[in-house]
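The residues making up each chain are set out below.
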Amino acid sequence: MGTLYHYPIKSSTPKIIQDLKVIIHDTITIFPSHETEKRSMFLSNIDQVLNFNVETVHFFMANPQFPSQVVAEKLKSALSEALVVYDFLGGRLRLNLDTQRFEFDCNGAGARFVVGSSEFELREIGDLVYPNPGFRQLVQKSYEDLAIHDRPLCIIQLTSFKCGGFAIGVATNHATFDGISFKTFLQNLASLAADKPLATTPCNDRCLLAARSPPQIQFDHPELFKIPNGIDLPTPTVFDTPEGELDFKIFNLTSNDIAYLKQKAKDEPFSTNAKITGFNVVAAHVWRCKALSSGTDYDPERVSTVLYAVDIRSRLGLPPSYAGNAVLSAYASARCKEIEEGPLSKLVEMVTEGTKRMTGEYAQSVIDWGEVNKGFPNGEFLISSWWRLGFADVEYPWGKPRYSCPVVYHRKDIILLFPDIVGESNNEVNVLVALPSKEMEKFEALFHKFLA
């Protein structure tokens, strides 16, 4: 059970081409289609700590009715219109010196649009599911040589392949969107490219997630680490672990594997508090493997904590169209001895409890915590799930993407879940893991052992 793809980072991988030989032909600034109000936009405490870029690539097969030149014009026009309703996306991030908080300067400075081409056909670059380092060439970087207040918040790159297929690479500052609101943005961009109205009018009011006055921290929040007062450090996050000497593998869980894990959890003694879903059983399985493979010496008393994202829109009564970041880290913790000896159903129960813990009151307490403290997520690792965000379900005038994926920078403390190629499976998930080689050997053995 469970298919394995093995890709050591430092060795060659003959199934893929890592240098896509991309040539950039044009870079232009896209302005809003008509003048927008110049204003400052408040950013929530969730947005404040997400000042880094998220890069995604969306691959499309050739469509004779939509050659790349036509796609480029439609995208530029759609983006220009989108920058009216998403006025912050055409602005810049700035630090308010009075409040010492980041905010969006909605100044109409515009987004970037880049046109490039590759010397290869799409089929030649290899398995799209494999997070190829070469995909970084399909997304324009965010001009890190510029000051923060000069960097565009959105850059779209259209790269054509010799076969007529193409890729749309999107780089956005994470303060602009979470995964849910980014999909809404893509849906709106696709609608505008088809000369249709917006699919969803975004809610741009970030004040809906403002901290209370005065802040009311009602819970302990062990999932957050407070930086002591007087220590002037850049805020580290779970994302900051360097790549280092890591081995990289993709573990594929088929729909049968997931069904097996669900049935295994049901057959074991379990509390009615355990919600046996696809995500919960996969998260429990991955947590067990990661906890028991971590480090050189096994310590049964060591506490392992897994973090995973929970959407708080419904919990706080936000509109589904809320365009900012409305996701917080839930957590589950246990001693390694419990993780090793306990049934899978117990781990599923703890993951379930972590999600249930994230009530509206708890979420508001996290936001208030960020008003009083500086800190970062506190866990052994984060499960970042792109599994069911549905980017590949977005219908553009030229069709749906063949595949959509994040541009991956391998991190020891992040395990990614992402879907398989559209149409090739109904419920498969790929688990991307990057670990030192000795830990990877243990992780792989445990991954298959607990599927047996």
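Counting restarts for each chain, with residues numbered from 1 along the sequence as it is written. In keeping with the predicted nature of the model, local features appear solely for residues at pLDDT of at least 70, side-chain atom pairs appear and are counted solely at 80 or more, and the whole-chain, interface and lining totals rest on all residues. By convention in this description, side-chain values take in all heavy atoms of the structure and omit both hydrogens and water.

Caption draft 1: Region of interest: the overall build of the protein. Across its full length, the protein carries nine helices and 18 strands. What the globule rule says is 2.2 Å times the number of residues to the power 0.38, and the radius of gyration is computed from C-alpha atoms. The C-alpha atoms of the protein give 22 Å as radius of gyration, which agrees with the globular expectation for 452 residues (22 Å, within 12%). By its C-alpha atoms, the protein is 60 × 55 × 40 Å across when sized along the principal axes. The contacts of the protein with a sequence gap of at least 6 include a subset with a gap of at least 24, amounting to 82%. Only carbon and sulfur atoms are counted for the fraction: they give 51% of the accessible area of the protein, which is about 19500 Å². Positive and negative side-chain charges of the protein, numbering 45 and 54 respectively, have mean locations separated by a distance of 2 Å. Elements are defined by DSSP. Helices are runs of H or I of four residues or more, strands are runs of E of two residues or more, and each kind is numbered from the N terminus. By definition in these notes, contact holds between two residues if any of their heavy atoms fall within 4.5 Å. Here the Shrake-Rupley method, with its probe set to 1.4 Å, supplies the accessible areas, and only the displayed protein chains count as covering residues. Only four residue types enter the tally: Lys and Arg on the positive side, Asp and Glu on the negative side; His and the chain ends are excluded. Each charge is placed at NZ for Lys, CZ for Arg, CG for Asp and CD for Glu.

Caption draft 2: View of the state of the cysteines. To count as a disulfide, a pair of cysteine sulfur atoms needs to be within 2.5 Å. The full count for this structure, using the stated rule, is zero disulfides. Here Cys163 is not disulfide-linked; the sulfur of Cys405 is the nearest cysteine sulfur, at 16 Å. Overall, Cys163 belongs to the partly exposed group, its relative accessible area being 34%. Exposure is judged per residue with a 1.4 Å probe applied to protein chains only, and the accessible area is read against the type maximum: over 50% gives exposed, under 20% gives buried, and values in between give partly exposed. By relative accessible area, which is 6% here, Cys405 ends up buried.

Caption draft 3: Quick look at the sheet that holds strand β6 (residues 101-106). At least two bridges found by DSSP between two strands is the condition for calling them paired. Ordered by their spatial adjacency, three strands build an open sheet running β3-β6-β5, and the pairing between neighbours is antiparallel. Edge positions in the sheet fall to β3 (39-42) and β5 (92-96), since each has one partner strand and no second. The mean inter-strand angle of the sheet, taken between neighbouring strand axes irrespective of direction, is 40 degrees. Pairing of β3 with β6, which is carried by four bridges, proceeds in the antiparallel orientation. Note on β6: the bridge partner recorded for Met41 is Phe104. With axes taken as lines fitted to C-alpha atoms, and helix axes fitted only over the stretch in contact, angles between N-to-C directions fall between 0 and 180 degrees.

Caption draft 4: Representation of the packing of aromatic side chains in the model. Aromatic rings from Phe, Tyr and Trp, with only the six-membered ring used for Trp, were paired whenever their centres fell within 6.5 Å, and each pair was classed as stacked if the ring planes differed by under 30 degrees, edge-to-face if by over 60, and tilted otherwise. Using the criterion set out here, one finds 24 aromatic pairs in the structure. Every member of this aromatic cluster is reached through a ring pair, and the members are Tyr86, Phe88, Phe104, Phe177, Phe182, Phe185, Trp386 and Phe391. Each ring is checked for a lysine NZ or an arginine CZ that lies within 6 Å of its centre and within 35 degrees of its normal; such an atom marks a charge sitting over the ring. Over the aromatic face of Phe450 sits the side chain of Arg288, whose NZ or CZ is 4.6 Å from the ring centroid. Here the basic side chain of Arg388 rests over the ring of Trp387, its NZ or CZ set 4.0 Å away from the ring centre.

Caption draft 5: Highlighting the side chain of Thr159. With respect to the secondary-structure elements, Thr159 resides in strand β8 (residues 154-160). Its relative accessible area of 0% is what places Thr159 among the buried residues. At a separation of 3.0 Å, a polar atom in the side chain of Thr159 contacts the side chain of Gln157. Not counting residues up to four positions away in its chain, the partners in contact with Thr159 are Val22, Gly116, Ser117, Ser118, Leu138, Gly165, Phe166 and Ala167. Identification of polar contacts relies on pairs of N or O atoms within 3.5 Å, with a donor-acceptor requirement for protein atoms, meaning one able to donate a hydrogen and the other able to accept it, and with residues adjacent in sequence counted only if both atoms are side-chain atoms.

Caption draft 6: Broad picture of the pairing of strand β12 (residues 303-311). Direction of pairing for β12 relative to strand β13 (residues 327-335): antiparallel, over a ladder of nine bridges. Across the sheet, the residue bridging to Leu307 is Tyr331, located in β13. The sheet contact formed by β12 and strand β15 (residues 381-385) spans three bridges and is parallel. Residue Tyr308 lies in a different strand from β15, and its bridge partner there is Ile383.

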